[in-house]
Amino acid sequence: MKAMRQSDHWARQGERGSFLLMRLTAAAVRLLGRRPLTPLLYLIVLYFFIFGRQARNSIRQYQQYLATWSGRPQLNPRPGSVLRQFLAFADSLLDKLDVWNGRLPLQQLQLVDPDNLRARLHDGSRGQLLVGAHLGNLEVCRALAELGERVRMNVLVHTKHAERFNRLLGEAGASHLRLIQVSELDPAIMLQLAERLERGEWLAIAGDRVPLHGGRHAVVDFLGHPAAFPQGPWLLAGLLQCPVNLMHCLKIDGHYQVRLEHFADSVRWTRRDRERVIAEWAQRYAQRLGEHCLDAPQQWFNFYPFWKQDDDIPA
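All figures in this text were calculated on a predicted structure; none of them were measured in a lab.

Notes on the overall build of the chain
Across its full length, the chain holds ten helices and nine strands. Sorting the 315 residues of the chain into buried and exposed places 50% on the buried side.

Observations concerning helix H3 (residues 34-51)
The α-helix winds at 3.6 residues per turn, so residues separated by three or four positions along the chain end up facing the same way. Taking 1.5 Å as the rise per residue, H3 with 18 residues should run 26 Å; its terminal C-alpha atoms sit 26 Å apart, in good agreement. Within H3, the full set of buried residues consists of Leu-37, Leu-41, Val-45 and Phe-49.

Describing the nonpolar core
Formed by 50 residues in total, the largest nonpolar core has its most connected members in Phe-222, Phe-229 and Trp-234. Considering every element that reaches this core, the biggest residue donor is helix H10 (residues 274-293), with eight residues. Once residues within four sequence positions are removed from consideration, Phe-222 is found in contact with Ala-227, Phe-229, Ala-286, Leu-289, Gly-290, Trp-300, Phe-306 and Trp-307. Of all hydrophobic cores here, the second largest spans 16 residues; its members include Leu-130, Ala-204, Tyr-256 and Val-258.

What about the pattern of salt bridges?
Enumeration according to the criterion identifies eleven salt bridges in this entry. Linking Lys-251 and Asp-95 is a salt bridge whose minimum nitrogen-to-oxygen distance equals 2.9 Å. Here Lys-251, found in strand S8 (residues 244-252), pairs with Asp-95, found in helix H5 (residues 81-100); they are 156 residues apart in sequence, far enough to count as distant. The exposure class assigned to Asp-95 is buried, which follows from its relative accessible area of 4%. The salt bridge partner of Arg-276 is Asp-273, with a shortest N-O separation of 3.7 Å. Classification of Arg-276 as partly exposed rests on a relative accessible area of 46%. Asp-273 sits in the partly exposed class, given a relative accessible area of 23%. Ionic contacts of the salt-bridge type, sharing partners, join the residues Asp-91, Asp-95 and Lys-251 into one network.

Let's talk about the confidence of the model for the chain
Per-residue confidence for the chain gives a mean pLDDT of 80, with 74% of residues at or over 70. Predicted confidence is poor over residues 1-17, with pLDDT under 50, and the contacts of this stretch with residues over four places away or in other chains come to 36 contacts. Segment residues 310-315: pLDDT under 50, and 17 contacts once partners within four positions in sequence are set aside and those in other chains are kept.

Observations concerning the side chain of Gln-63
Structurally, the position occupied by Gln-63 is in helix H4 (residues 53-70). Exposure remark for Gln-63: the relative accessible area of 4% places this residue in the buried category. Within the structure, Gln-63 has its side chain in polar contact with the side chain of Ser-81 (distance 2.7 Å). Polar side-chain contacts of Gln-63 include one of 3.0 Å to the side chain of Gln-85. Residue contacts for Gln-63: discarding those within four places in its chain leaves Leu-75, Asn-76, Pro-77, Ser-81, Val-82, Gln-85 and Gln-298.

Structural notes on the pairing of strand S5 (residues 202-206)
Within S5, four of the five residues are buried, which leaves the element mostly enclosed by the surrounding structure. As judged from the four bridges shared by strand S3 (residues 153-157) and S5, these two strands associate in the parallel manner. Along S5, the bridge assignment pairs Val-155 with Ala-204.

Calculation rules
Residues numbered from 1 in each chain as written. Predicted model: local features only at pLDDT ≥ 70, side-chain atom pairs only at ≥ 80, totals over all residues. Heavy atoms only, no water. Helix = DSSP H or I, 4+ residues; strand = E, 2+ residues; numbered from the N terminus. Buried < 20%, exposed > 50% of the residue type's maximum accessible area, 1.4 Å probe, protein only. Expected span 1.5 Å × (residues − 1). Core = buried A, V, L, I, M, F, W, Y, C linked by side-chain atoms within 4.5 Å. Contact = heavy atoms within 4.5 Å. Salt bridge = Lys/Arg side-chain N within 4 Å of Asp/Glu carboxyl O. pLDDT = per-residue confidence, 0-100. Polar contact = N/O pair within 3.5 Å; in protein donor to acceptor, adjacent residues only side chain to side chain. Pairing = 2+ DSSP bridges.

Have a look at this one:
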């Protein structure tokens, strides 16, 4: 597969209608509820499956790489397996609607927290950095922050629509979740983030998508092939000198598991060794992400060319 063109970048695709779609969908679910919208969303996703050749190829490639890397041939793409990953995405969208409208009871969430990170949410200590991925449904973690723990969560995003998304989240009742648009880690942003950590607030950032403009990245091995991962989480961790944890939310047997996992006490680099150290942390993260993908193979939702090499994947 050819290297991704700028026009193919996930951010450009997402900016075309993400805010409008979110607003219309949120309004529709308030008026109609989840059940009437279910067939419509599945039809929309089916449309993108039929006409989205690039998305189909990207998912097929992911399934192929995951099967080979893990030594699990049953995960190889088969007739219907790519469609099932699209349908899993539709199911996650419906669950997001429930989250936005407070219809996902905390009883349906299982917190998997082997390192007892939950205890640090309210112990008065400095905040920490959470690194997530487009694996599972991170939106459900809002239920943990908003409804359960009442912890202030700052989600760092690369979309220029962050402020409008914040207004929409406010309309849906979110008061403990805040999106912060970060196109560059300039001094003003860093000061703001440091102040939030000192107040005990937590920061969350995706570790598996490179921003569109000026995004530093490291090319590491992911599922046995070179792929670009953002430097942002590890730059932030080094600049803010805060602990780093991983966060995933996977749907297992019809119930969501919110998984918290300690990853690093600190990330330390100097200007001289920054590129090398950050690449090492990005590689560790890519390895762990692949291991988590094996727990829910059809819940990694990246529908664009992810790997940086010329692989011929049949349509």
